[in-house]
Amino acid sequence: MTFIDYRSTLESTVDDHLAFVSDADVSADPIKGVRAQLDEGELSVAVVGEINRGKSTFLNALMGEEVFPSRTMVCTAGVTVLDHGEEPRAEVIYKDDTTEEIDLSGTEPAQALKEVVSRSNKDVQDIQVTRVWYPNPFTGNGLVLVDTPGVNDPDHWREEITYSYLAEADAVIMLLDPMQPLSASETEFLDSKILDRSISNLIFVVNKIDDVPRADREDALERVEEILSEHVPNPTVYPVAAKPALEAKQTGDEDKLKGTGMPEFEKGLMDFLAKGRGGLLLRTKVQKGLDHLAHIQDTVQQRRAALDAEKGEVEKRLSDAREQLDRLSRKRDSLEDELEKQQSQIERNLKQVARGRSDYLNNSLKPAVAGESDAQALQDRALRFQRDSIAAFRGATEDAFDKLLDEYDATSVELAGEVRDVLSDLSREASNRAQSMRVEREERRPDQSDLEERKTGAAVGASAGAAAGAAVAGELAAIGTIGAGILTGGLGLVVGAGAAALLSNSGGEDEQQSGTQYVNTEEMVNNEQAVKALDGFIDRLVSSAGPVSKGIVESAKDAVLGPIDQSIQDQRRLLRQIQEDLRQTEQDQQSTRDDLRNQEEEVEALQARYSDLMAEIEEMAAR
């Protein structure tokens, strides 16, 4: 089985799980969340390469139809992000935060998009991101495809947009030409933009392999691998003929497709993702399903135990349980107060990082910028400074969030466990009377999948997070257009969509109206303007510490308090169910026992399916 097969099996199991809980009078929210995540793009695959390397054709070959417009008319827009959607549509996000909807339902999508993102559009220079939703089997597997400007693109600002997406991509595919691998611009891009961040995620595709005579292909590939080995140890290389692959998919010619190298590449990509974050996300979803079923099993056993126990004793237990839940709710509120007190320290730490970058700017960079006579070198210095500053700031946000989880996660697990055990005596007593109902309880500790799932921020996709940053950049009086994409992309992965949403309201009214931008070529008219722009950039970075720290704390609260809140809600629901069971007549109670016994059997069957799938996914990831 492949990654796609495992994902498909998980979808089927989750659907059956949802169908079961809809009839079982059990909260379905946790498993509904899993199903919603399966419908979203969670893994980001970015494609880079020089203009005329055939990127658009390659992407269309993955899709099986022409969705991405050809870049032969050197397109001057930013990146194009494609996600799965039941209805074809697109949205253009401009640098001033305005958006434009594009209807793709009545025309060829590639043609409709070409009219927007090519030079024929007078506003194309102002486009930041084009987001596309389109029904297709490839991105329907939880992937988001990112088409980036050419690495030899003449406009420097788009290169920085590309970098922001590469920094968060789960896989970076670099297209090469078999006859001219690694031109000067590709070598520079590979060494300075990819290898310092994305080498572990890098896959090379030698496109247009059909242009090479079949007898010479092996030698051509050996030459490509030899050249790449000077920069990348043990490079992963796939030869592909994208244009014939697209034609084969469009006509349904499976024999022709087999000779294009595309099936081998797609399988290799899926296996690569499965061994990385893709496998982790699958495992965390399976674990969520198992955890939810364990809760249902506890509920069933406790209700059956209550029906078998003496009514007066059960009534007393219910009263005591309500008092315990009230006490534990107060402990939960105290924990929330503790988390909120951390915000001021996190804000101070973030400001300290920003001021450290300010010190570097004042003491080292400004003299160099003031004396720089070459315009391109001036732009490079400024852009590199901002990129490194945002990376440092983002690293501090990640550290702050991780620290909160490390400090409070064990408390969260312990308190949620106390809530779940409020009525545990009932099931333990039942266990002593009927071995078929025996439950072995183990102390629950947060395992690595728990922590990684929380640190993944509700499994927000990397490029989706970065695009969210670009989308709110006009309102973000913090860092600016490209900087927001980089920073919020990181937050999308680390602290979830909640932080990104909070960031969108960070700026004051005057700041929002000013439409502050990341320093770009328009602000590099001379040395004095460059210094002024960098000072403004640092000021905005410092001012962002407040809203970002709030976003970190709010997201940590979701991660730490969410399981407790769910447990309290579940237990209060269980108390009501038991109370209702006790009010039934003896005949109705026997009918309830029968229903609960059937539910337990269904739970066990679903548990077996999840467990088998978990074992297979772990085996696949270990290969």
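All residue numbers here refer to positions counted from 1 along the written sequence of the relevant chain. With the structure being a predicted model, the display of local features is reserved for residues of pLDDT at least 70 and the display and counting of side-chain atom pairs for 80 or more, all residues being used for whole-chain, interface and lining totals. To obtain the side-chain values, all non-hydrogen atoms of the structure were included, while hydrogens and water were left out.

S.K.: Kindly report on a negative patch on the surface, identifying the contributing residues and their values.
M.R.: A cluster of acidic residues, Asp216, Glu218, Asp219, Glu222, Glu225, Glu226 and Glu230, forms a negative patch on the protein surface. Positionally, Glu218 belongs in helix α7 (residues 217-229). Among the residues examined, Glu218 registers a relative accessible area of 56% and is labelled exposed. Residues enter a patch when their relative accessible area is above 30% and they make no salt bridge; the linking distance is 9 Å between like charges and 5 Å between nonpolar side chains (Val, Leu, Ile, Met, Phe, Trp, Tyr). Where accessible areas are quoted, they stem from the Shrake-Rupley method and a 1.4 Å probe; at the residue level, only the protein chains shown are allowed to cover. Any Lys or Arg side-chain nitrogen located within 4 Å of an Asp or Glu carboxyl oxygen qualifies as a salt bridge. Positive charges are assigned to Lys and Arg, negative charges to Asp and Glu, while His and the chain termini are left out of the count. By convention, the point assigned to a charge is CZ for Arg, NZ for Lys, CD for Glu and CG for Asp. Secondary structure counts use DSSP, requiring at least four H or I residues in a row for a helix and at least two E residues in a row for a strand, with both numbered from the N terminus. Exposure classes here rest on a 1.4 Å probe applied to the protein chains alone. A residue is buried below 20% of its type maximum, exposed above 50%, and partly exposed in between.

S.K.: Tell me about the side chain of Ser329, residues and numbers included.
M.R.: Residue placement: Ser329 occurs in helix α12 (residues 311-341). Throughout, a residue-residue contact means that at least one pair of heavy atoms, one from each residue, lies within 4.5 Å. Other than its neighbours up to four places away in sequence, Ser329 contacts Ile568 and Arg572.

S.K.: Residue-level account of the nonpolar core, with values.
M.R.: Residue types Ala, Val, Leu, Ile, Met, Phe, Trp, Tyr and Cys, when buried and joined through side-chain atoms within 4.5 Å, form a set referred to as a nonpolar core. Grouped together as the largest cluster of nonpolar side chains are 73 residues, with contacts concentrated most on Phe58, Leu145, Ile173, Met262 and Phe265. Excluding anything up to four places from it in sequence, Leu145 contacts Val45, Leu59, Leu62, Met63, Phe68, Thr80, Val81, Leu82, Phe138 and Thr139. Membership of the second largest hydrophobic core comes to 51 residues, among which are Leu318, Leu328, Val422 and Val531.

S.K.: Before we move on, can you summarise the pattern of salt bridges with the specific residues and values?
M.R.: Here the structure, examined in full by the defined rule, presents 27 salt bridges. Ionic pairing is found between Arg303 and Asp581, a salt bridge with its closest N-O pair at 2.9 Å. Placement of the pair is Arg303 in helix α11 (residues 277-308) and Asp581 in helix α22 (residues 545-583), with a sequence separation of 278 residues. Of the two residues examined, Arg303 and Asp581, each falls in the buried class. With its nearest N and O atoms 2.6 Å apart, the salt bridge here joins Glu336 to Arg332. Here Glu336 and its partner Arg332 are both found in helix α12, four residues apart, which amounts to about one turn of the helix. Given the relative accessible area of 13%, Arg332 is considered buried. Each of Arg332, Asp333, Glu336, Glu340, Glu554, Lys557 and Asp565 takes part in a single network of salt bridges with overlapping partners.

S.K.: Give me the lowdown on the sheet that holds strand β4 (residues 99-103), citing residues and values where you can.
M.R.: Strand pairing requires that DSSP identify at least two bridges connecting the strands. Strand order in the open sheet made by the nine strands is β4-β3-β5-β2-β6-β1-β7-β8-β9, with mixed pairing throughout. Each edge of the open sheet is held by one strand with a lone partner, namely β4 and β9 (237-239). The mean angle between the axes of side-by-side strands here comes to 20°, regardless of whether they run parallel or antiparallel. Taken together, the three bridges between strand β8 (residues 202-206) and β9 define a ladder with parallel strand orientation. The residue of β9 that forms the bridge with Val205 is Tyr238. Helix axes are fitted only over the stretch in contact, all axes being lines through C-alpha atoms; the angle between N-to-C directions runs from 0 to 180 degrees.

S.K.: Kindly report on the pairing of strand β5 (residues 127-134), identifying the contributing residues and their values.
M.R.: With respect to burial, β5 is a largely interior element, eight of its eight residues being buried. Examined bridge by bridge, strand β2 (residues 79-84) and β5 share six bridges and lie parallel to one another. Directly across from Val79, in β5, lies its bridge partner Val129. Across six bridges, strand β3 (residues 89-94) lies against β5 in antiparallel orientation. Counterpart to Val92 in the pairing with β5 is Thr130.

S.K.: Can you tell me about the environment of Lys366, naming the residues and giving the values?
M.R.: Here Lys366 shows up in helix α13 (residues 343-370). Remark: the alpha-carbon pair of Lys366 and Leu534, spanning 168 residues in sequence, is separated by 9.0 Å. If we skip the residues at most four places from it in the chain, Lys366 touches Leu361, Val531 and Asp535.

S.K.: Break down the packing of aromatic side chains for me, with residues and values.
M.R.: Remark: the centre distance and the inter-plane angle together describe each pair of aromatic rings, the angle taken between the planes. Whether two aromatic rings pair depends on their centres lying within 6.5 Å, for rings of Phe, Tyr and Trp, where Trp uses its six-membered ring; planes under 30 degrees apart make the pair stacked, over 60 edge-to-face, and the rest tilted. Tallied over the entire structure, the rule returns four aromatic pairs. Look at Tyr238 and Phe265: their rings are 5.6 Å apart centre to centre, the planes differ by 80°, and that puts the pair in the edge-to-face class. Here Tyr238 is found in strand β9, whereas its partner Phe265 is found in helix α10 (residues 262-274), with 27 residues between them in sequence. For Phe265, a relative accessible area of 0% puts it in the buried group. Plain terms: the ring middles of Tyr360 and Phe385 are 6.1 Å apart, the flat faces sit at 20° to each other, and that makes the pair stacked. Remark: Phe385 occurs in helix α14 (residues 375-420) and Tyr360 occurs in helix α13; sequence separation between them is 25 residues. One aromatic cluster in this structure is built from Phe58, Tyr238 and Phe265. Here, a charge over a ring means that NZ of Lys or CZ of Arg falls within 6 Å of the ring centre while also lying within 35 degrees of the ring normal. Between the NZ or CZ atom of Arg89 and the centre of the ring of Trp133, over which it lies, the distance is 3.9 Å.

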